[in-house]
Amino acid sequence: MNFLVLFSQVEVKGQAEQIARTFGVDWSHLTAQIISFLIVCALLYRFAYRPVLKMLEDRRQQIALGLANAEKIKAELAQAAAQRQEVLTEANAQATRLIEEGHLAAARVREQETQKAIAEAEQIIVKSREAAAQDYARMLAELKREVGRLVVNTTAAVTGKILTPEDQRRLAEQTAKEVAG
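Residues numbered from 1 in each chain as written. Predicted model: local features only at pLDDT ≥ 70, side-chain atom pairs only at ≥ 80, totals over all residues. Heavy atoms only, no water.

Q: Provide a residue-level description of the overall build of the chain, including the pertinent values.
A: For the chain, the helix and strand inventory stands at three helices and zero strands. Reading the chain from its N end, one meets helices and strands in the order α-α-α. A compact globule built from 181 residues should have a C-alpha radius of gyration of about 16 Å, whereas the chain, at 67 Å, is more than 25% larger. Here the chain holds 181 residues, and the buried ones make up 4% of them. Looking at the chain as shown, the accessible area adds up to about 15800 Å², and 64% of this sits on carbon and sulfur atoms. (Helix = DSSP H or I, 4+ residues; strand = E, 2+ residues; numbered from the N terminus. Rg over C-alpha atoms; globule rule 2.2 N^0.38 Å. Buried < 20%, exposed > 50% of the residue type's maximum accessible area, 1.4 Å probe, protein only. Areas by Shrake-Rupley, 256 points an atom, 1.4 Å probe, with all protein chains shown as cover.)

Here it is in structure tokens:
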């Protein structure tokens, strides 16, 4: 059995050599090319692949940072929008309050002006009544004088005698009492 395993190993080794010769493989050149390939791979890994991986990692971190900042900005924007809405609500409430205060002030001013106008109208009425009373008293006094003068003149003409100032005064007083009564 050992013989078979040994024979198969020799046979496999022999077949590999035969295939290598068929394709023109030169083991020294193949070994040199493998070493050169490994050196190129090591240099590429060291000077190209690692910097590219580092650059990709940095870029990934920047993207993650950008996404975190975007979320932060989004949260701040939402907060700013909420504050803006709060300020607008407060401004609307204040504007409504100012409008109401304006309406109340206008109503007070209107009421004050109405009271003032009523007071002025009452003063005008009082002054008019006083003026009318004064005019009435003046006209009544003139009427008494005129009626007294007419009575004196009429009495003088009817009686044919000239009345003394004392008679004129007495007749004027008597006539004034009758007109007033």
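Moving on, there is more to tell.
Q: Mind laying out a nonpolar patch on the surface, listing which residues take part and the relevant values?
A: On the surface, a cluster of nonpolar side chains totalling about 590 Å² of accessible area is made up of Tyr 45, Tyr 49, Val 52, Leu 53, Met 55 and Leu 56. Within the fold, Met 55 resides in helix α2 (residues 27–159). (Patch = residues over 30% accessible without salt bridge, like charges linked within 9 Å, V, L, I, M, F, W, Y side chains within 5 Å. Salt bridge = Lys/Arg side-chain N within 4 Å of Asp/Glu carboxyl O.)

Q: How would you summarise the packing of aromatic side chains if you had to cite specific residues and measurements?
A: Considering all chains together, one arrives at one aromatic pair under this definition. An angle of 35° between the planes, with centres 5.7 Å apart, marks the rings of Tyr 45 and Tyr 49 as tilted. Residue Tyr 45 and its partner Tyr 49 are both found in helix α2; the two are separated by four residues, about one turn of the helix. Residue Tyr 45 is classed as partly exposed on the basis of its relative accessible area of 43%. Classification of Tyr 49 by relative accessible area gives partly exposed; the value is 45%. (Phe/Tyr/Trp six-rings, centres within 6.5 Å; stacked < 30°, edge-to-face > 60°.)

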